[in-house]
Amino acid sequence: MNRSCFWNSRRCAQPGSNQSLSLSLSLALSLSLAFSLRLSLRRGTPRRRGQFSPAVSKTWDTEAKSTAHSTTTRRSSMALCNGDSKLEINAEQNGSCEGAVVILDAGAQYGKVIDRRVREMYVRSEILPLDTPAFIIKEHGYRAIIISGGPASVYAEDAPRFDPAIFSIGKPVLGICYGMQLMNKVCLGTVHKKSVREDGVFTIGLDNTCPLFRGLQKEEVVLLTHGDSVDKVADGFKVVAQSGSIIAAIANEQKKLYGTQFHPEVDLTERGVEMLRNFLFEIALCTSNFTVQNRQQNCIDEIQKKVDKSKVLVLLSGGVDSTVCTALLNKALDQDQVIAVHIDNGFMRKKESQSVEEALTKLGIKLKVVNAAHTFYNGTTTLPISDEDRTPRKRISKTLNTTTNPEEKRKIIGDTFVQVANKVIGEMNLKPEEVFLAQGTLRPDLIESASHLASGKAAVIKTHHNDTELIRKLRDEGKVIEPLKDFHKDEVRTLGRELGLPEEIVCRHPFPGPGLSIRVICAEEPYICKDFAETNNVLKIIADFSASVKKPHALLQRVKSCMSDEEEDKLMQITSLHSLNAFLLPIKTVGVQGDCRSYSYVCGVTSKESPHWESLMFLARLIPRMCHTVNRVVYVFGSHVKEPPTDITPTFLTAGVLGTLRQADFVAHSILRESGYSGKISQMPVILTPLHFDRDPLQKQPSCRRSVVIRTFITSDFMTGIPAQPGNHIPEKVVVEMVKEIKKIPGISRVMYDLTSKPPGTTEWE
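Here the structure is a predicted model, which is why all the values come from computation and not from measurement.

## Re the overall build of the protein
- Helices and strands together make up the secondary structure of the protein, namely 23 helices and 24 strands.
- The buried share of the protein, taken over its 766 residues, is 60%.
- Excluding contacts between residues fewer than 6 apart, the proportion of contacts in the protein whose partners are at least 24 apart in sequence is 75%.
- Looking at the protein as shown, the accessible area adds up to about 31,000 Å², and 50% of this sits on carbon and sulfur atoms.

Written out as structure tokens, the structure is:
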């Protein structure tokens, strides 16, 4: 049975009740008896999740230890699988994780990044559920505990369960974001929801005499993504970092308990690795003696064990992920076992399928190309009746070419890929039950899709086409091969080089499986909610702050409360020197705020002068913090926008719309490639939006044109990243040339440049 479920059930038993008699039963009981026990335990008076009285906690801990000891003769040890948020048994480990770090998963988007950062320092780490009992951690010899962030509130009724004893077993603990709030609450401090969210990169002040921050400056740049904040610090703790008036880190040095509201594991926290190193080696006294085994051989062994003599159908887009996956399959299996198929879904880049076929043929990969554009355009899938409906009832979606919802688009495309793959299997006279489906699924795909393979508690940011409900069903049936599911993008590139793939394949910019379909912002009506006018007023105050402070406004104090004194001075200076205008655009895009999905407005910014990029980047960091319904900020090239569009050009996935985007994408990438800066940019989505600027409202001209967005993105792990700043990361003349050439495409109104980091904006707009 699932021991985690058993432990959760036991928490409801009350001392002295009939249920407590069952707590001494061995976990070796039959599944039916255990299930009956679980039902009976639920009849007890439940305590609030995550809360124990000292007596109950002590009783639960003692009796659980006894139960665990009674089963050790039957089960060799606990396997703490890399990346798996579950407990398993593995005889090879003999019950010991001596010196390792345990990462307790509270549902963070960056949980796997923590694991990776620790292992990069040659310290063994394992990811376990947040509700792992403290005695398990203690008995298996873990050196330290790291608690990840997560999307929940510590006071929510559905907050993740946990064992509060993890803070009192003598192990050093680092709580990150949600983990810090949990630590403070358990130690009798308080956590409150603030009126101000922090989502993005901030400069914080820190106490560099604290062991966690030793060797750092008194001010550091970090990534913050939270709405709740520590209010009253628990006794025994002290504040060791602040972001304005908000507590950014706490410490109880005597008990070796540390918490950071920010994320030290991500690239956007500039010296986060040093903070983690301080925790591991100076506080927890870990040793760097862990060597990662040959991951290529591990992948090959996994493939051979699972596939045996069966055949594997691998869907090849031509991108680095699917190509590396295919190369691994070819190395692990006989050539006649691997069926490589490239499905042209109608959303490929210009000449993409042709170039993919040529490149893979050179590598010796025998490729079958299937043109399924018509099938995809008219594809449908089954969906829940509504977002709120929790029943098994389903509805048939609209066809893809009439769908505007980005989640539905992704699900239709993912399921249509499987349907086309099944058709290919049928045409080749193969038995479906004897064929595995292989995908180049990566760890970030699973995290953003909230797959249980990556995290048991993460929120859905966007459903990746390789993690739809149909794919999950096949995965549960054991029919899916995903050798890269524990890898990040740069690790896949390293593996590709080890496999001998050419650099032009390994370093290709990522291109999503749904292709251009998720780079068209489809809409049939403008997105204007009741907060549209108020948010626009806030944006006007920000863009003209130097003048706004002279004319007091009810919203002015709200703007000021979101800034430090230094930021207020900088905004005053920027708006004094530059004539700016900021406004909402009536469209929605996907973002991520506080480990949760956001789907809301885009803010446009224009200037009467040439763009001052450093100032624009500052505004792009500031605006989403003040306006929580904004998750993306763009600079609109061209003359000053006096009348922003308030309607849209109805847009769907039609041949004409896709043709326009395909040409814009081709032009932009050709210029980037010719400039020699393609390798400096991690990815550059080009997006088509249903926005028609420069229409005289008095003449009531209809909206019939569309505008293009250039989204340059720099990252190492694709979980966080920054836009390329013209004049810094990429020459401004290269961007200007892109704008000039894209404007020549018929039907294009304006060109915009995405200024948003991730978070709050995702890499893709949908």
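## Some details on the nonpolar core
- With 87 residues, the main nonpolar core has Ile742, Tyr753 and Leu755 as its most contacted residues.
- The dominant element in this core, judged by the number of residues it contributes, is helix α21 (residues 613-626), at nine residues.
- Once you skip the residues sitting within four places of it in the chain, tyrosine 753 turns out to touch Trp613, Val633, Val634, Tyr635, Phe637, Ile710, Thr712, Ala724, Pro726, Ile730 and Val735.
- Within the second largest apolar cluster, 35 residues are counted, among which are Val101, Val123, Ala249 and Leu280.

## Observations regarding the pairing of strand β9 (residues 238-243)
- Bridge count for β9 against strand β10 (residues 246-252) is five bridges, and the pairing is antiparallel. Residue pairing for β10: valine 239 is matched across the bridge by isoleucine 250.
- Count of turn residues in the β9/β10 antiparallel hairpin: two residues, of which glycine 244 carries a positive phi of about 65 degrees.

## Points about the sheet that holds strand β24 (residues 748-754)
- A sheet is described by the order of its strands in space; here six strands give the open sequence β19-β20-β21-β24-β23-β22, paired in mixed fashion. Strands at the two margins of the open sheet, each flanked by one partner only, are β19 (580-593) and β22 (686-689). With direction set aside, neighbouring strand axes in the sheet form an average angle of 30 degrees.
- Relative to β24, strand β23 (residues 706-710) runs parallel, the two being bridged by four bridges. Paired with valine 708 across the strands is valine 751, a residue of β24.
- Strands β19, β20 (596-607), β21 (630-636) and β24 of the sheet are contacted by α21, whose axis makes an angle of about 160 degrees with β21.

## Comments concerning the confidence of the model for the protein
- Within the protein, residue pLDDT values average 82, and 82% of them lie at 70 or more.
- Taken as a whole, residues 1-95 scores under 50 in pLDDT and shows 146 contacts with residues more than four places along the chain or in a different chain.
- Every residue in residues 444-468 scores below 50 in pLDDT, and together they form 109 contacts with partners more than four places removed in sequence or on other chains.

## With respect to unusual backbone geometry
- With an omega of -10 degrees, the peptide bond between lysine 758 and proline 759 qualifies as cis.
- By the element assignment, proline 759 lies in the segment after β24.
- Going from proline 759 to proline 760, the amide bond is cis rather than trans, its omega being 10 degrees.
- Topologically, proline 760 is positioned in the segment after β24.
- The phi angle at leucine 188 is positive, at roughly 75 degrees, despite the residue not being glycine.
- Tracing the chain through its elements places leucine 188 in the loop between α6 (178-186) and β7 (190-206).
- Take leucine 188: its relative accessible area is 70%, and that puts it in the exposed class.
- Although it is not a glycine, lysine 351 adopts a positive phi angle of roughly 60 degrees.
- Here lysine 351 lies in the loop between β13 (338-344) and α10 (352-362).

## Re the environment of arginine 493
- In this structure, arginine 493 sits in helix α15 (residues 489-498).
- A C-alpha to C-alpha distance of 9.1 Å links arginine 493 and isoleucine 505, two positions twelve residues apart in sequence.

## Notes on the pattern of salt bridges
- For the coordinates displayed, the defined rule picks out 25 salt bridges.
- Taking the shortest distance from any N to any O, the salt bridge between aspartate 115 and arginine 119 comes out at 3.3 Å. Of the two residues, aspartate 115 and arginine 119 both sit in helix α4 (residues 111-120), four residues apart, roughly one turn of that helix.
- Residue arginine 119 is classed as buried on the basis of its relative accessible area, which comes to 15%.
- Two residues, arginine 395 and glutamate 408, come together in a salt bridge whose shortest N-O distance is 2.8 Å. Taken together, the residues arginine 395 in strand β16 (residues 394-396) and glutamate 408 in helix α12 (residues 406-427) connect sequence positions 13 residues apart.
- One network of salt bridges, in which partners are shared, links Arg116, Arg117, Glu120, Asp267 and Glu491.

## Focus: the packing of aromatic side chains
- Here the structure, examined in full by the defined rule, presents nine aromatic pairs.
- Both rings, one in tyrosine 527 and one in tyrosine 601, keep their centres 4.7 Å apart while their planes meet at 40 degrees; by these two values the pair is tilted. Of this pair, tyrosine 527 sits in the loop between α16 (503-506) and α17 (532-543) while tyrosine 601 sits in strand β20, and the two are 74 residues apart along the sequence.
- Relative accessible area serves as the criterion here: at 0%, tyrosine 601 is assigned to the buried category.
- Both rings, one in tyrosine 635 and one in phenylalanine 637, keep their centres 5.2 Å apart while their planes meet at 85 degrees; by these two values the pair is edge-to-face. Neither tyrosine 635 nor phenylalanine 637 differs from the other in exposure class; each is buried.
- An aromatic cluster is present here, built from Trp613, Tyr635, Phe637 and Tyr753 joined pairwise through their rings.

## A few points about the pairing of β13
- Where burial is concerned, most of β13 is hidden: seven out of the seven residues are buried.
- Burial along β13 is two-sided: Val338, Ala340, His342 and Asp344 facing one way and Ile339, Val341 and Ile343 facing the other are all buried.
- Relative to β13, strand β12 (residues 311-315) runs parallel, the two being bridged by four bridges. Paired with valine 314 across the bridge in β13 is alanine 340.
- The parallel pair β12 and β13, bridged by helix α9 (residues 320-332), forms a crossover whose chirality is right-handed.
- When β13 meets strand β14 (residues 367-371), the two strands line up parallel, connected through five bridges. Following the sheet pairing, valine 341 is matched in β14 by lysine 368.

Parameters at a glance
- Residues numbered from 1 in each chain as written.
- Predicted model: local features only at pLDDT ≥ 70, side-chain atom pairs only at ≥ 80, totals over all residues.
- Heavy atoms only, no water.
- Helix = DSSP H or I, 4+ residues; strand = E, 2+ residues; numbered from the N terminus.
- Buried < 20%, exposed > 50% of the residue type's maximum accessible area, 1.4 Å probe, protein only.
- Contact = heavy atoms within 4.5 Å.
- Areas by Shrake-Rupley, 256 points an atom, 1.4 Å probe, with all protein chains shown as cover.
- Core = buried A, V, L, I, M, F, W, Y, C linked by side-chain atoms within 4.5 Å.
- Pairing = 2+ DSSP bridges.
- Axes fitted to C-alpha atoms, helices over the stretch in contact; angles between N-to-C directions.
- pLDDT = per-residue confidence, 0-100.
- Salt bridge = Lys/Arg side-chain N within 4 Å of Asp/Glu carboxyl O.
- Phe/Tyr/Trp six-rings, centres within 6.5 Å; stacked < 30°, edge-to-face > 60°.
- Right-handed = clockwise from strand over helix to strand, strands pointing away.

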